[in-house]
Amino acid sequence: MEQNMQTKLSAASTSFAKTKIPSLLSGHESTVQEIVERLRRSERVLIAAHEHPDGDAIGSSLALLHALSMQGKQVTTYIPDAAPEYLQFLPGFDRLTTTKPNVADYDLVVVLDCTKLFRAHLEAEVRAHPNTIVIDHHHDNDEGGTVNLVLTRAAAVAQILTEMFRMTEVDI
């Protein structure tokens with residue numbers, strides 16, 4: 001009986017492993033390519049997230065910070081309010097800043113996990129900047145970037161970035 005159960009589990013596991021699960025980014029490949037190209041062309045990148053940041057805002061910001069830093073980019077990660085202390089264990093936590101940046105000093109601004117630009121305390125500056133990317137998963141996002149990737153079926157921005165990193169073969 002136990003052998004029969006193991007055989008069934010093994011068969012189910014093999015079947016599942018062969019199943020092609022559609023990517024969260026299916027249908028958004030051209031937007032992802034545009035984002036990748038803008039990131040590639042930029043040297044100085046500002047990453048911004050929302051006020052009262054949560055784990056998704058901080059984790060996503062730090063993931064993108066590391067991915068871009070590994071490519072030799074100069075990256076600033078701005079959050080309007082201090083990050084929760086319980087997230088101090090995350091690599092790069094000490095690179096987060098609450099000092100409001102001069103947005104015009106950057107080639108590219110990437111706003112993560114922010115439904116409305118005012119929540120990043122940079123709305124006017126981001127809207128005036130010619131090269132901005134918004135990546136979010138909230139249904140009420142106002143899509144205030146030059147390029148917007150808003151996927152409401154994603155559980156978090158971290159999920160979107162993970163799929164982007166896999167799709168573009170960025171080490172994670």
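Scroll up a little and you will see the structure.
The structure reproduced in this document is the subject of the present report. Within each chain, residues carry numbers counting from 1 in the order of the written sequence. Note on the predicted model: pLDDT of at least 70 is required for a residue's local features to be given, and 80 or more for side-chain atom pairs to be given and counted; whole-chain, interface and lining totals, by contrast, use all residues. The basis for every side-chain value is the complete set of non-hydrogen atoms in the structure, without hydrogens or water.

## A look at the overall build of the chain
Formally: Counting from the N terminus, the helices are DSSP H or I runs at least four residues long and the strands are E runs at least two residues long. The buried label applies to any residue whose accessible area, calculated with a 1.4 Å probe on protein chains only, is under 20% of its type's maximum; exposed applies above 50%, and partly exposed to all values in between. The contact criterion used throughout is that any non-hydrogen atoms of two residues lie within 4.5 Å. Note on areas: these come from Shrake-Rupley sampling with a 1.4 Å probe, and a residue is covered only by the protein chains present in the view.
Assigned secondary structure in the chain consists of five helices and six strands. In the chain, the order of α-helices and β-strands from amino to carboxyl end is α-α-β-α-β-β-β-α-β-β-α. Across the 172 residues that make up the chain, the buried fraction comes to 45%. Here the analysis covers contacts within the chain between residues at least 6 apart in sequence; of these, 62% occur between residues at least 24 apart. Surface accessibility of the chain: about 9,300 Å² in total, with carbon and sulfur atoms responsible for 52%.

## Quick look at the side chain of Thr115
Along the chain, the position of Thr115 falls in the loop between strand E4 (108-112) and helix H4 (123-128). When neighbours within four sequence positions are excluded, Thr115 is seen to be in contact with Asp136, His138, Asp140, Asn141 and Asp142.

## Looking at the nonpolar core
Defined as follows: Among the buried residues, those of types Ala, Val, Leu, Ile, Met, Phe, Trp, Tyr and Cys that are joined through side-chain atoms within 4.5 Å form a nonpolar core.
Judged by nonpolar contacts, the single largest core of 37 residues is most densely connected at Ile135 and Leu149. It is helix H3 (residues 55-69) that contributes the most residues to this core, seven residues altogether. When near neighbours in sequence (up to four residues on either side) are disregarded, Leu149 contacts Leu25, His28, Thr31, Val32, Ile35, Val134, Ile135, Asp136, Ile160 and Met164.

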